[in-house]
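# Structural overview for review
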Number of protein chains: 2
Amino acid sequence: MELQERVAVPIFTEVDRDVFLNEVYPGRSPAVLRGVDLGPCVDRWTVEYLAMKGGQREVKIHVSSVPQMDFLHKNFIYRTLPFDEFVKKAAETKHSDFFLAEVGSDQLDLLRIVFLHWDKLLALGFQEESYYLRSLGEDVRKEPADLSRQFPDLAEDFHTPRYFEPDRFFSSVFRISSCGLQLWTHYDVMDNLLAQVTGRKRVALYRPQDALHLYLNGDKSEVLDIDAPDLKRFPEFIKAKRYDCVLEPGDLLFIPALWFHNTLALHFGVGVNVFWRHLPADAYDKKDPYGNKDPVAAARALQTLERALHALDELPAEYRDFYGRRMVQRIQNRTYCHNPESETTLPRSLSHKPGRVSKDL
Amino acid sequence: MELQERVAVPIFTEVDRDVFLNEVYPGRSPAVLRGVDLGPCVDRWTVEYLAMKGGQREVKIHVSSVPQMDFLHKNFIYRTLPFDEFVKKAAETKHSDFFLAEVGSDQLDLLRIVFLHWDKLLALGFQEESYYLRSLGEDVRKEPADLSRQFPDLAEDFHTPRYFEPDRFFSSVFRISSCGLQLWTHYDVMDNLLAQVTGRKRVALYRPQDALHLYLNGDKSEVLDIDAPDLKRFPEFIKAKRYDCVLEPGDLLFIPALWFHNTLALHFGVGVNVFWRHLPADAYDKKDPYGNKDPVAAARALQTLERALHALDELPAEYRDFYGRRMVQRIQNRTYCHNPESETTLPRSLSHKPGRVSKDL
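Quick caveat, the model's predicted, so the values are computed rather than measured.

## What to know about the packing of aromatic side chains
Geometrically, a pair of aromatic rings is defined through the distance of the ring centres and the angle of the planes. What the rule picks out here adds up to 43 aromatic pairs over all chains. Measuring from centroid to centroid gives 5.1 Å for F151 of chain B and F174 of chain B, while their planes differ by 70°, and the two rings are edge-to-face. Placement of F151 of chain B in the loop between α7 (147-150) and α8 (152-155) and of F174 of chain B in strand β7 (residues 169-177) is noted, with a sequence separation of 23 residues between them. Taking the relative accessible area as the measure of exposure, F151 of chain B reaches 3% and is therefore buried. Taking relative accessible area as the criterion, F174 of chain B reaches 0% and is therefore assigned buried. Within the aromatic cluster, the residues linked to one another by ring pairs are F20, Y25, Y163, F164, F254 and W276 of chain A. Here the basic side chain of R325 of chain A rests over the ring of Y336 of chain B, its NZ or CZ set 3.9 Å away from the ring centre.

Here you go:
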């Protein structure tokens, strides 16, 4: 049987701003940065401390009866509760109080499915609820999250790495999840440093060039179970090259814009994502608090493509198929980088300074 | 080594209008129709008779120093001469009078290449000039060819099969070529019956769904030598499924619109192509004497796609590559027939009436 190709994300152990900007960033490949000073958060952010400093600010969280969250088919519900309560709940291994026991009639269908498949869920390791917080801005629909505004007391403990110009800063986002929580594979349009402050996290990444192997639905992959994919439904998935890493507390992971990523919390853990602009500010959608709307030029191209597809609608199926392929060929010739393989290896400078890369590479 | 899949084009031996319309045409797959009455042309069209009846009407022919004609890199020149002279020349095995000896300075580069590679050309079987006529309408740029207008005396001998409504008729075209002449792989947008009146011809066809494996440049494939393709340059070509047949004098070959075809004259031979409209008349470009301009809806879609691609130009290469792939995915989901294999097998009705298909199948 064919196996999916796997490679390890390189681990850099002596990274300062210069090394990042000259040796990591230009490669536009993911990289684990180990040993960077993230500030006192690494030692201080216990459950009790977070609850105390974060206070009773209300947060909207994802609650799921299974740890593998599925945004496309929405196997979770949203609940709002005070931050301190959430942190304690997410860190617990047993929960005394299930949100899913409080659901209204609108969630009855979900409940029905859960109960119908109770045995199967138990067999899959389902035992309790999973919780996940992705912090939001003040005005949820307009403003990106900013730790220093929503959680100023905690933000003081976290030192944002100065790897980009301050005016390129887009958002800083809390990622707090209970043990076992897995987030669907997706991409963001901003460059991203994921700081794993506490807990361990496994991250699998895929190149933007593997987009066609991931069965996208918007910015998300339909392939939920990346470790045991349904290859009958997703035969191309095997062709996606998987980049693997396990983040230890204190690690940073550079996730370049457009790289797909899937996270699996190996412990209850607290992370902070820092997003910044790779492209000029006006290249991005101005109404995009999450940083996942396609750059305006790309959105325009995709819209124009819809018009082209609409033109084909008046032709019979076999003609649509044929001219669809002619269009595909044109796009391949016009936009594909010719040697995708050669462009996704490590940044070239790496080969000159192997000392910077740890033995884990 | 991987081999290109090959299948034989089915041969139908008892085809009348009903059988064609009910059992062949709906399948939209190529089919050899053997034993259809093409009229007295089959017996009468000797070189002498053609020269006499076709007369001295001037025709524009393709002359090449190699039998494998290459429209994309134009390895031939056009020459105009009386029809009777052309027919005699094309039927000769040795030519006393070489057109390529008369070339002007504009063809010097071609000549230089020919002479530089003389040894190689000899080794490849190059011995003499090859000739090819594709007859044209009265007003070459506006009017499709019509045998009954350009060669009324010869047209009388040829009975156009009545397999379509008369108002769907588009053109009838003489195809006369010297032995060994091979025509580049291309597609036409009209349905087409190729009547092989005299001589034998090998035809290789490829499905419209194989467009991406044929390295198209407009309506033509870049892969010239389909029998010994350069797989380093054209690695995907191996994936194209090849449909093969050898037409005997008197055979008809149904070539559905959009099917790619490549012809190789095994003898000096005379053929007539009859093209007709598969789609409603207003679906086609009105200025298209050759029947190879894309239907207006398809042309519009391809033009609109150019605008979409233009929008991507302001993004860096890696973003263009990524959004190119997003566009490709969208097109695949929107236009590709889901089971291309199942749609290109023989028409289903065939399986019920195997008696109609000869043993050569």
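## Description of the interface of chain B and chain A
On the chain A side, the residues contacting the 57 residues of chain B number 57 residues. Summed over both sides, the interface between chain B and chain A buries roughly 5500 Å², with carbon and sulfur atoms accounting for 66% of that surface. Area buried by chain B at its contact with chain A is led by Y319, F322 and R325 of chain B, which between them contribute 12% of it. Linking chain B with chain A are 10 salt bridges, by the criterion used here. The salt bridge involving R334 of chain A is made with D313 of chain B; its shortest N-O contact spans 3.0 Å. There are 22 residue pairs in polar contact (both at pLDDT 80 or more) connecting chain B and chain A. Broken down by secondary-structure element, the contributors of at least two residues to the side of chain B that touches chain A are α9 (296-312) and α10 (317-335) of chain B. If you tally residues by element for the side of chain B that touches chain A, the top one is α10 of chain B, at 18 residues.

## Brief notes about the sheet that holds strand β5 (residues 76-82) of chain B
Residue and element names in this part refer to chain B. One open sheet accounts for 9 strands, arranged β2-β3-β14-β9-β16-β7-β6-β4-β5; its pairing is mixed. In this open sheet, the two edge strands, each paired with only one partner strand, are β2 (11-12) and β5. Note: strand β9 (residues 191-198) against strand β14 (residues 252-255), 4 bridges, orientation antiparallel. Bridging across to β14, L194 finds its partner in L253.

## Some details on the relation of the copies chain B and chain A
Here two copies of a chain appear, and what relates them is a rotation about an axis with a shift along it. Overlaying chain B with chain A gives an RMSD of 0.0 Å, the required rotation being 180° about an axis along which the chain moves by 0.0 Å. Each copy turns onto its partner about a two-fold axis. Taken as a fraction of all interface residues of chain B, those also at the interface in chain A reach 100%, which identifies the copy contact as same-surface.

## A closer look at the packing of helix α9 (residues 296-312) of chain A against α10 of chain B
Direction vectors running N to C along α9 of chain A and α10 of chain B enclose 25°, while the axes themselves pass 10 Å from each other. In terms of orientation, α9 of chain A lies roughly parallel with respect to α10 of chain B. The element α9 of chain A and its partner α10 of chain B pack so that their crossing is right-handed. Across the interface between the two elements, A298, A301, L302, L305, E306, L309, H310 and L312 of chain A of α9 of chain A pack against Y323, R326, M327, R330, I331, R334 and T335 of chain B of α10 of chain B. By residue class, the composition of the contact of α9 of chain A with α10 of chain B is 9 nonpolar, 2 polar and 4 charged.

## With respect to the pairing of strand β15 (residues 260-265) of chain B
Residue and element names in this part refer to chain B. The element β15 is extensively covered by neighbouring structure, given that 6 of its 6 residues are classed as buried. Residues F260, N262 and L264 line one face of β15 and the alternating positions H261, T263 and A265 line the opposite face, and both faces are buried. Inspection of the sheet shows strand β8 (residues 182-186) paired to β15 by 3 bridges, in the antiparallel sense. Bridge pairing links H186 to H261 in β15. Looking at chain direction, strand β10 (residues 201-206) and β15 are connected through 6 bridges and run antiparallel. When the bridges of β15 are listed, V203 appears paired with T263.

About the criteria used
- Residues numbered from 1 in each chain as written.
- Chains lettered and ligands numbered in written order.
- Predicted model: local features only at pLDDT ≥ 70, side-chain atom pairs only at ≥ 80, totals over all residues.
- Heavy atoms only, no water.
- Phe/Tyr/Trp six-rings, centres within 6.5 Å; stacked < 30°, edge-to-face > 60°.
- Helix = DSSP H or I, 4+ residues; strand = E, 2+ residues; numbered from the N terminus.
- Buried < 20%, exposed > 50% of the residue type's maximum accessible area, 1.4 Å probe, protein only.
- Lys NZ or Arg CZ within 6 Å of the ring centre and 35° of its normal.
- Contact = heavy atoms within 4.5 Å.
- Buried area = accessible area lost by both parts, 1.4 Å probe.
- Salt bridge = Lys/Arg side-chain N within 4 Å of Asp/Glu carboxyl O.
- Polar contact = N/O pair within 3.5 Å; in protein donor to acceptor, adjacent residues only side chain to side chain.
- Pairing = 2+ DSSP bridges.
- Least-squares fit on C-alpha atoms with pLDDT ≥ 70 in both.
- Axes fitted to C-alpha atoms, helices over the stretch in contact; angles between N-to-C directions.
- Parallel < 35°, antiparallel > 145°, perpendicular 65-115°, else oblique.
- Left-handed = near helix turned anticlockwise from the far one by under 90°.
- Nonpolar A, V, L, I, M, F, W, Y, C, P; charged D, E, K, R; others polar.

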